[in-house]
Each structure stands twice: as C-alpha cells, then as structure tokens.
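So the chains spell out like this:
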Amino acid sequence: MNWKLMLAAVFVCGLLFGAVSYAAVSSLVQIRNVGTIRAVGVEVYSDESLEQILHEVSWGTLNPGENKSVTAWIKNTGNDAQKLILWTEGWEPVDAQNSILLSWDYNNEWIEASSSIPVTFTLTVDPNISGVENFCFDIWIKGVA
C-alpha cells in the first residue's frame, strides 16, 4: 500500500473520530452555577464550628435532571429567637429560574439567639432544561422574629 494513501486514510479516520466525539460531547449539556449568599439577621457558615463564612455556593457542573446538595450552618445573630425565610433573585440568565429550583430542608423551627442549625440546600435542574449553559443567582436568607 502506498504510504501517502495510508497517511490519508489515517487522517480521514482521525477527522471522523474527532467529529463523532465532538458531537457526542456537545450533546451533553452541562450547567455551571454559583449562588451568592445574602444574609439578613443571620450568618451562614460552611463548617459546623462556625469559622468559615459561606459567601457563595459553587454548585460545580450539573447535568439536566441532576440534583446537588450543600450543607451549611446558619447562626442567629439577633437578640431574640428567629425563624428563617429563603428566597432567590437576580437570576442570570432570567430564564434559568424557570428550570432550576433551590430548596432546603429547614423545618420552620425557632433558632435561639447566638445558636445555629444545619440546613441542606438542594439545587434541582429540570431534565428538559435547554439554552442555559451558565447561570448565577442570589440566595437570600433572613431571620425573622
């Protein structure tokens, strides 16, 4: 066999393999996310010893239909017992909020002044999400008496 013909065959096979590999990988939508913590009347920590304030949650890469959870400790910095409320805002892109849900396992218990409780935040991505490759949003946690 002619070496030029063999080299051409290897080149063509490499191109085909590359094209097929690219198509397979690009069809897997992966979503990167960072949620910025905004706290009012409480402090949010990444560790049980309450030494590392949690400023943001880096969710890493998520696939459609996937859930990821992060545990945090919330400390009541007020003078009275409080309950917590949670909401999100500032979604970029705005359409991401229609396909991505943030929830937590907080059970509406009172938190005494200077006390803390663990909570687990779970981010859920709709299996049918499309058009969102990266996003960010603000996670608001507020202590209310």
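Residues numbered from 1 in each chain as written. Predicted model: local features only at pLDDT ≥ 70, side-chain atom pairs only at ≥ 80, totals over all residues. Heavy atoms only, no water.

A count of helices and strands for the protein chain gives 1 helix and 8 strands. Written out in order from the N terminus, the α and β elements of the protein chain read α-β-β-β-β-β-β-β-β. Counting over 145 residues, the protein chain shows a buried share of 28%. Only carbon and sulfur atoms are counted for the fraction: they give 54% of the accessible area of the protein chain, which is about 8900 Å². (Helix = DSSP H or I, 4+ residues; strand = E, 2+ residues; numbered from the N terminus. Buried < 20%, exposed > 50% of the residue type's maximum accessible area, 1.4 Å probe, protein only. Areas by Shrake-Rupley, 256 points an atom, 1.4 Å probe, with all protein chains shown as cover.)

Take the sheet that holds strand β2 (residues 42-45) next. The strand order β2-β4-β7-β6 describes an open sheet built from 4 strands, whose pairing is antiparallel. Looking at which strands have only one partner, the edges of the open sheet turn out to be β2 and β6 (100-104). Averaged over all adjacent pairs, the angle separating strand axes in this sheet is 30°, with direction ignored. Both β6 and strand β7 (residues 116-125) contribute to a ladder of 5 bridges, which runs antiparallel. Considered in β7, the bridge of Ser103 is made with Thr122. (Pairing = 2+ DSSP bridges. Axes fitted to C-alpha atoms, helices over the stretch in contact; angles between N-to-C directions.)

Looking now at the nonpolar core. The biggest cluster of nonpolar side chains holds 28 residues, and the ones touching the most others in it are Ile74, Leu84, Phe121 and Ile141. If one sorts the elements of this core by residue count, β7 sits on top with 5 residues. (Core = buried A, V, L, I, M, F, W, Y, C linked by side-chain atoms within 4.5 Å.)

Charged atoms that come close allow side chains of opposite charge to pair. Applying the stated criterion to the full structure yields 1 salt bridge. The salt bridge involving Arg38 is made with Asp138; its shortest N-O contact spans 3.5 Å. In this pair, Arg38 sits in strand β1 (residues 31-40) while Asp138 sits in strand β8 (residues 134-144), placing the two residues 100 residues apart along the sequence. Here Arg38 falls in the partly exposed class, since its relative accessible area comes to 35%. Judged by relative accessible area, Asp138 falls into the buried class, the value being 17%. (Salt bridge = Lys/Arg side-chain N within 4 Å of Asp/Glu carboxyl O.)

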